[in-house]
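If you want the building blocks of each chain, they are given just below.
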Amino acid sequence: MGLPSLEKMVQLQKRTANIRNICVLAHVDHGKTTLADCLISSNGIISSRLAGKLRYMDSREDEQIRGITMKSSAISLHYAEGNEEYLINLIDSPGHVDFSSEVSTAVRICDGCIIVVDAVEGVCPQTQAVLRQAWLENIRPVLVINKIDRLIVELKFTPQEAYSHLKNILEQINALTATLFTSKVLEERAERESESQGNPNSDPAEQVYDWSAGLEDTDDSHLYFSPDQGNVVFTSAIDGWGFGIEHFAKIYSKKIGIKREVLMKTLWGDYYINMKAKKIMKVDQAKGKKPLFVQLILENIWSLYDAVLKKDKEKIDKIVTSLGLKIGAREARHSDPKVQISAICSQWLPISHAVLAMVCQKLPSPLDMSSERVEKLMCSGSHTFDSLPPETQALKAAFMKCGSEDTAPVIIFVSKMFPVDAKALPQNRPRPLTQEEIMQRRERARQRHAEKLAAAQGQSTSDGSALGASPEGEEPTGREQQVESMAPKPVPEEEDNQETFIAFARVFSGVARRGKKIFVLGPKYSPVEFLQRVPLGFSAPLGDLPPVPHMASCTLEHLYLLMGRELQDLEEVPPGNVLGIGGLQDFVLKSATLCSLPSCPPFIPLNFEATPIVRVAIEPKHPSEMPQLVKGMKLLNQADPCVQILIQETGEHVLITAGEIHLQRCLDDLKERFAKIQISVSEPIIPFRETITKPPKVDMVNEEIGRQQKVAIIHQTKEDQSKIPEGIQVDSDGLVTMTTPNKLATLSVRALPLPEDVTRILEENSDLIRSMEQLTSSLNEGRNTRVIDQKTQEKMWEFKGKLEQYLTGRKWRNTVDQIWSFGPRKCGPNILVNRTEDFQNSVWTGPAGKACKEASRYRDVGNSIVSGFQLATLSGPMCEEPLMGVCFVLEKWDQSKCEEQGVSEKQNQDLVQEGRGAGVSCPPGDEKEELQDGHCEPFEKRASQKGESSLPDCYGPLSGQLIATMKEACRYALQVKPQRLMAAMYTCDIMATSDVLGRVYAVLSKREGRVLQEEMKEGTDMFIIKAVLPVAESFGFADEIRKRTSGLASPQLVFSHWEIIPSDPFWVPTTEEEYLHFGEKADSENQARKYMNAVRKRKGLCVEEKIVEHAEKQRTLSKNK
Ligand SMILES: Nc1nc2c(ncn2[C@@H]2O[C@H](COP(=O)(O)OP(=O)(O)OP(=O)(O)O)[C@@H](O)[C@H]2O)c(=O)[nH]1
Ligand SMILES: [Mg+2]
């Protein structure tokens, strides 16, 4: 098929039913880009000889060098089958975990996907991840089992073995589908049950499915992959062939005279054929019959490979003639068997046909969008579809209709912004000259030639003509410039930055036209708020709209057809198409919803699987280039869906990426593309968390504590005590009592480690906690705008129930009801529990209790206590890292002395009013380290000026003192408990052959990794090792593994959880055995202390390192330093 013209594509874009928006998803290196090459070559965009070698969609240089895809990119293809013509918008995605956010941007704008699985490696971790993403987005998958040639050439399987192996892969992937399906059904059932409980009047007949009837009644057969369903093809992308069983069913039904339908059902599965009787029967294993798939399909392919690899010319010729193919003389003579194979197979079983036919038949068009998907896309946050305003609900019909009439609202989703060189934009490319221009040019050239001739003649006649000739000589240049300015338009950008951003988008409804005005809705935009502010039927021009938060309006300046490495200009894009939009870079940061109606809600945020975890600080080599760096980092932030940039309190510019390769790519981009300056990059900043544990039962030599004889000095307790200054009471149980500097209020705080499950629940529900917090604060401010919708309420109770389930036992009695706040930032994994008697307050019900005067005093300064707690949880005493899994219990809070001191009630009240404001405004800061004690200072100063006359002391207002005292009390309460560091952990999946297994283990154990599971892939000698590895030890890990195993194993690292480092950073030997074992100075490696000191050094905190304790030998001093 030839290269389709732009007009053809424009025409195809209008036939919505024949559009397929699909993406190719798989584990890294399973052959997505190679497959895309094959499909692209079918359109003549690249030559079929180069397919698989070029990797056309990998347009970046580093993608080509590393051999992995790093971004998703789209290309539009034309495919004709019979009388039907299709437009296929194909998106190639990366398989490496570091770039999994790019997969999210791709699945959002597709309706279906091709899951590619390597026939040798089978289902891998990323296969699971991408299948899950496809499910979460409600897009339909089809399966391509690729690299079948490896089963023949590398594993040397017989066709029968290959069949069993393939069956196995299908079973694995179907098992995965089943798990996804079951969890989804159960989830929905639970949802529906709770809905119907909440709404007893609902008519059961309205429900499409009766979910309560259970799983077994739900038909799920269409979800599974099976060749007889037509949703599986077998391919070898590198050799350019592929087939679904339909192809063979067609051939053999003619050849052996069995109905095609029968063959479709039996070509895959344990059936064999009795040739004589022309009957198909179930395989009886004992008789050793071959299944049809082996006999009629695989054996033919195997014998072809066999003949070509053995260079059996006769046999090859025979096969080629029997298949009725024509092989070019060049290929037939080629010494490389691969060339011959691909020449024969790509004619016999063209891969593009097999794959694209399946895509067109089995994947939905934009018109088939399910109502379930639409509702899910529209319901961001905790809103249910039913809770949306009626104007918004009405848009669902537009989504489903995907109409192109003028009345249809235009709805576009931008899933990412990608940078392109401004010169590469179609409007800046030199366009072909028109006939007229060619004429003009010819005329000018003729004139120039004539002038030159004349000048040459003049020179030969007069000697002094050099001077006179020069102005004449310049003239042509002047004209040339004129010509230049007439041809391509100059690039509008300034010299140093030629990058411009194109939005990677899809039209969901209406026609996107150039020049159309449209609303840009940010992720936090709320149509409810708009409808409240702007009267219904607002008809003034868009520019006159009152300002609405998170909404802007812009014009669609340029529309493009995405063609892999190129863009084509379009005037309009009908609904259901993937497109590029230019000119949005000032309106859209990373993703956005564009709509012609303001009643449209923003789409739900993209589902990112990877968490950015690797941080580095960046600075320019030459300090004067700071502005370029800042600008470059902004551009980088816009260009990458998952990168985060921030400026720390210290002024450092920090870049957070998903992993090492991602980091490398970001730095390259920054250096070469966005900032174009030399930069220096810090060592990766590794995040830690601080926590406390229960006191250990055994000591460091595994002796039970308490039994062994104590040696003379009890170092540790002594040191611990010495950290607590005088005037602070600590009881034996760890209860810290502290008084405010003016001695008027006393607080008693205890720190307790939370059970692991509770910490996990807190982490999982941080979004919910945040929305609870927002709700309370808006209620407090008297803005009763947001009515809690039922779903949030239910989730809240469910969350509370879960906490109650895990916080059991005497120690935790009533704790859940007494939770006052979460921290840090009011949504973190630590809790503040209020057990004071005079004043009760809980996150669930708000302040309650006695309505006496005292209680109201407590209530008014309560925010100071919460602020103190927030500050304490934001940075712990060990190395100022955030806390995790700690519960602070406020046991006593005595403020009665305030009264005695006769502080004027009224004035105090005034202050308190202000204090409340400060307490609220302080915590939800954007980034970690910026919240320090001094942050609330302006308020303190202000208040103290005002309150000087009324307060008898010089300590400032009570609320400020309470914040500081609470913070300090929490810190001391932590310090009297066994403190521990928590390390961020990666899970790591490594695939390795048995011979390099030992080396993989060696690298893992050197880096403190822990193997969780080791599994052998059936039928191969590959092992899959699942391990956990501290992030702190992971730098260079992938490289080391690759080097040690000569590239045979490569790990995939994904952030998984936080884990307590068992060793105590403050540990010193206290018993005789410990002395014997570790030596008096215990200077053997203490991992936790090493990490802690590294962080302290980085933050410029003092590090307690005993360089030389007993300087018996002066000589060693310099060494030990
Ligand atoms: N033997 C064999 N090798 C293949 C086949 N398809 C792809 N490959 C090879 O597999 C390697 C990876 O192919 P890619 O197409 O880059 O894989 P990918 O899935 O795009 O990889 P990422 O984009 O990095 O996730 C390349 O070396 C290909 O040559 C195949 O059918 N058979
Ligand atoms: Mg790729």
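Before any of the text, the structure's been laid out above.
Conventions used here
- Residues numbered from 1 in each chain as written.
- Chains lettered and ligands numbered in written order.
- Predicted model: local features only at pLDDT ≥ 70, side-chain atom pairs only at ≥ 80, totals over all residues.
- Heavy atoms only, no water.
- Helix = DSSP H or I, 4+ residues; strand = E, 2+ residues; numbered from the N terminus.
- Buried < 20%, exposed > 50% of the residue type's maximum accessible area, 1.4 Å probe, protein only.
- Contact = heavy atoms within 4.5 Å.
- Areas by Shrake-Rupley, 256 points an atom, 1.4 Å probe, with all protein chains shown as cover.
- Axes fitted to C-alpha atoms, helices over the stretch in contact; angles between N-to-C directions.
- Parallel < 35°, antiparallel > 145°, perpendicular 65-115°, else oblique.
- Left-handed = near helix turned anticlockwise from the far one by under 90°.
- Donors = N, O, S within 2.8 Å, 3.2 Å for Na, K, Ca; no water.
- Near = heavy atom within 4 Å.
- Polar contact = N/O pair within 3.5 Å; in protein donor to acceptor, adjacent residues only side chain to side chain.
- Nonpolar A, V, L, I, M, F, W, Y, C, P; charged D, E, K, R; others polar.
- Salt bridge = Lys/Arg side-chain N within 4 Å of Asp/Glu carboxyl O.
- Pairing = 2+ DSSP bridges.
- Core = buried A, V, L, I, M, F, W, Y, C linked by side-chain atoms within 4.5 Å.
- Phe/Tyr/Trp six-rings, centres within 6.5 Å; stacked < 30°, edge-to-face > 60°.
- Lys NZ or Arg CZ within 6 Å of the ring centre and 35° of its normal.

Novice: Looking at this model, I keep getting lost on the overall build of the protein chain. Mind explaining?
Specialist: Assigned secondary structure in the protein chain consists of 36 helices and 36 strands. In the protein chain, which comprises 1121 residues, the share counted as buried stands at 50%. A fraction of 75% describes how many contacts in the protein chain between residues 6 or more apart in sequence connect residues 24 or more apart. About 53600 Å² of surface is accessible on the protein chain, with carbon and sulfur atoms providing 51% of the total.

Novice: Quick question: what am I supposed to make of the packing of helix 21 (residues 626-639) against helix 22 (residues 660-674) here?
Specialist: A packed helix pair is summarised by two numbers, namely the angle formed by the two axes and the spacing between the axes. Packing of helix 21 against helix 22 leaves a shortest axis separation of 10 Å and a crossing angle of 125 degrees. With respect to each other, helix 21 and helix 22 are oriented oblique. Read as a crossing pair, helix 21 and helix 22 show a hand that is right-handed. On the side of helix 21, the interface is formed by L629, G632, M633, L635, L636 and A639, while helix 22 contributes C666, D669, L670 and F674.

Novice: Which parts of the structure should I look at to understand the coordination of the magnesium ion (ligand 2)?
Specialist: Each donor-metal-donor angle in an ideal tetrahedron of four donors is 109.5 degrees, and each such angle in an ideal octahedron of six donors is either 90 or 180 degrees. Coordination of the magnesium ion (ligand 2) by the protein is provided by T33 (OG1) and T69 (OG1), with metal-donor distances spanning 1.9 Å. Here the residue T33 occupies a position in helix 2 (residues 32-41), and T69 occupies one in the loop between helix 3 (61-66) and strand 2 (73-81), the gap between them amounting to 36 residues. By relative accessible area, T33 is classed as buried at 6%.

Novice: I'm lost on the site of ligand 1 in this one. Help?
Specialist: K32, T33, T34, T69 and D149 are the nearest of the 19 residues found near ligand 1. For ligand 1, an oxygen atom lies 2.7 Å from a polar atom in the side chain of K32. Relative to its unbound accessible area of 640 Å², ligand 1 is 85% covered by the protein chains. Only helix 2 and helix 6 (148-153) provide two or more residues apiece to the shell around ligand 1. No other element matches helix 2, which puts 3 residues into the shell around ligand 1. Grouping the constituent residues of the shell around ligand 1 by class yields 4 nonpolar, 9 polar and 6 charged.

Novice: What's the story with the pattern of salt bridges in this structure? I'm lost.
Specialist: Side-chain pairs of opposite charge can arise whenever the charged atoms involved come near each other. Under the counting rule described, the total for this entry stands at 43 salt bridges. Between R513 and E572 there is a salt bridge; the shortest N-O distance is 3.0 Å. In this pair, R513 is assigned in strand 12 (residues 512-513) and E572 in strand 17 (residues 572-573), connecting sequence segments 59 residues apart. The exposure class assigned to R513 is partly exposed, which follows from its relative accessible area of 32%. Between D767 and R770 there is a salt bridge, with its nearest N and O atoms 3.4 Å apart. Here R770 and D767 lie together in helix 25 (residues 766-780), a separation of 3 residues that amounts to about one turn. Overall, the relative accessible area of 54% leaves D767 in the exposed class. Judged by relative accessible area, which is 39%, R770 ranks as partly exposed. Connected via shared salt-bridge partners are R60, D62, D640, R665 and D669.

Novice: Got a minute to help me understand the sheet that holds strand 21 (residues 644-647) in this structure?
Specialist: Whenever strands of a sheet pair, they do so through backbone hydrogen bonds, lying parallel or antiparallel. Here 4 strands make up an open sheet; going across it, the order is 21-22-20-23 and the pairing antiparallel. On the outer flanks of this sheet lie strand 21 and strand 23 (679-681), each paired with one strand and no other. Across this sheet, the average inter-strand angle for adjacent strands is 30 degrees, counted without regard to direction. Of the strand pairs in this sheet, strand 21 and strand 22 (residues 653-657) are connected by 4 bridges, and their pairing is antiparallel.

Novice: What's the story with the nonpolar core in this structure? I'm lost.
Specialist: Residues I145, F293 and I301 are the most contacted members of the largest nonpolar core, which totals 104 residues. A per-element tally of this core places helix 10 (residues 292-309) first, with 12 residues. Setting aside residues no more than four positions away along its own chain, I145 makes contact with V117, A119, L166, I169, L170, V232, V233, F234 and T235. Core analysis: the next-biggest nonpolar cluster, separate from the first, contains 102 residues, Y56, V507, L655 and V996 among them.

Novice: Honestly, the packing of helix 10 against helix 13 (residues 337-348) in this entry has me stumped. Any pointers?
Specialist: Running from amino to carboxyl end, helix 10 crosses helix 13 at an angle of 150 degrees, the nearest separation of the two axes being 9 Å. As the angle between them shows, helix 10 and helix 13 are arranged roughly antiparallel. Classified by chirality, the crossing of helix 13 by helix 10 is right-handed. Listed contacts from helix 13 to N300, I301, L304, Y305, V308 and L309 of helix 10 are P337, Q340, I341, I344, C345 and W348.

Novice: I'm lost on the packing of aromatic side chains in this one. Help?
Specialist: Two numbers describe a pair of aromatic rings. These are the distance of the centres and the angle of the planes. Tallying each qualifying case throughout the model produces 25 aromatic pairs. Judged by centre distance (6.3 Å) and plane angle (20 degrees), the ring pair of F248 and Y252 falls under stacked. One end of the pair, F248, and the other, Y252, are both in helix 8 (residues 245-256), 4 residues apart, so they sit about a helical turn from each other. Both residues of the pair, F248 and Y252, count as buried. With 6.4 Å between their ring centres and 90 degrees between their planes, F248 and W348 make a pair best called edge-to-face. Taken together, the residues span a long stretch of sequence, with F248 in helix 8 and W348 in helix 13 at a distance of 100 residues. Pair check on accessibility: F248 and W348 agree, each one buried. Each member of the aromatic cluster is reached from another via a ring pair, and the members are Y163, F234, W241, F243, F248, Y252, W268, F293, Y305 and W348. The ring of F413 carries R108 above its face, with NZ or CZ at 5.0 Å from the centroid. One residue, R506, lies across the ring of F508, its end atom 4.6 Å from the ring centre.

Novice: Sorry if this is basic, but what is going on with unusual backbone geometry here?
Specialist: Put simply, G823 and P824 share a cis peptide bond, and its omega is -5 degrees. The backbone of R55 shows a phi angle near 45 degrees, a positive value even though the residue is not glycine. Within the secondary structure, R55 sits in the loop between helix 2 and helix 3. One non-glycine residue with positive phi stands out, namely E1008, at about 65 degrees. Mapping E1008 onto the fold places it in the loop between helix 32 (997-1006) and strand 34 (1010-1016).

Novice: What am I meant to see in helix 2 here?
Specialist: The periodicity of an α-helix, 3.6 residues per turn, causes residues three or four positions apart to be oriented the same way. Among the 10 residues in helix 2, 10 count as buried, and that is most of the element. Looking only at helix 2, the buried set comprises K32, T33, T34, L35, A36, D37, C38, L39, I40 and S41.

Novice: Would you take a moment to explain the sheet that holds strand 32 (residues 886-894) for this structure?
Specialist: Spatially, 6 strands are ordered 25-26-27-32-29-28 in an open sheet, and the strand pairing comes out mixed. One side of each edge strand has no neighbouring strand; the edge strands of this open sheet are strand 25 (729-730) and strand 28 (819-823).

Novice: What am I meant to see in the environment of R108 here?
Specialist: Positionally, R108 belongs in helix 4 (residues 100-108). Measuring from C-alpha to C-alpha, the distance between R108 and C23 comes to 9.8 Å, with 85 residues separating the pair along the chain. Discounting residues that sit within four places of it in the chain, R108 has contacts with E137, R373, L377, F413, F508, F603, I604, P605 and L606. A distance of 3.1 Å separates polar atoms of two side chains, one belonging to R108 and the other to E137.

Novice: Would you mind showing me how to read the environment of S370 here?
Specialist: With respect to the helices and strands, the residue S370 is situated in the loop between helix 14 (351-362) and helix 15 (371-378). Under the relative-accessibility criterion, S370 is labelled partly exposed at 30%. Setting aside chain neighbours within four positions, we find S370 in contact with N138 and M400.

Novice: Hey, could you run me through the pairing of strand 22 in this one?
Specialist: A regular strand places its side chains so that they alternate between the two faces of the sheet. The buried count for strand 22 comes to 5 of 5 residues, which makes it a mostly enclosed element. Where burial is concerned, the two faces of strand 22 agree: the one with H653, L655 and T657 and the one with V654 and I656 are both buried. In terms of strand pairing, strand 20 (residues 614-620) meets strand 22 through 5 bridges, oriented antiparallel. Each bridged residue has a counterpart across the sheet, and for V616 the counterpart in strand 22 is L655.

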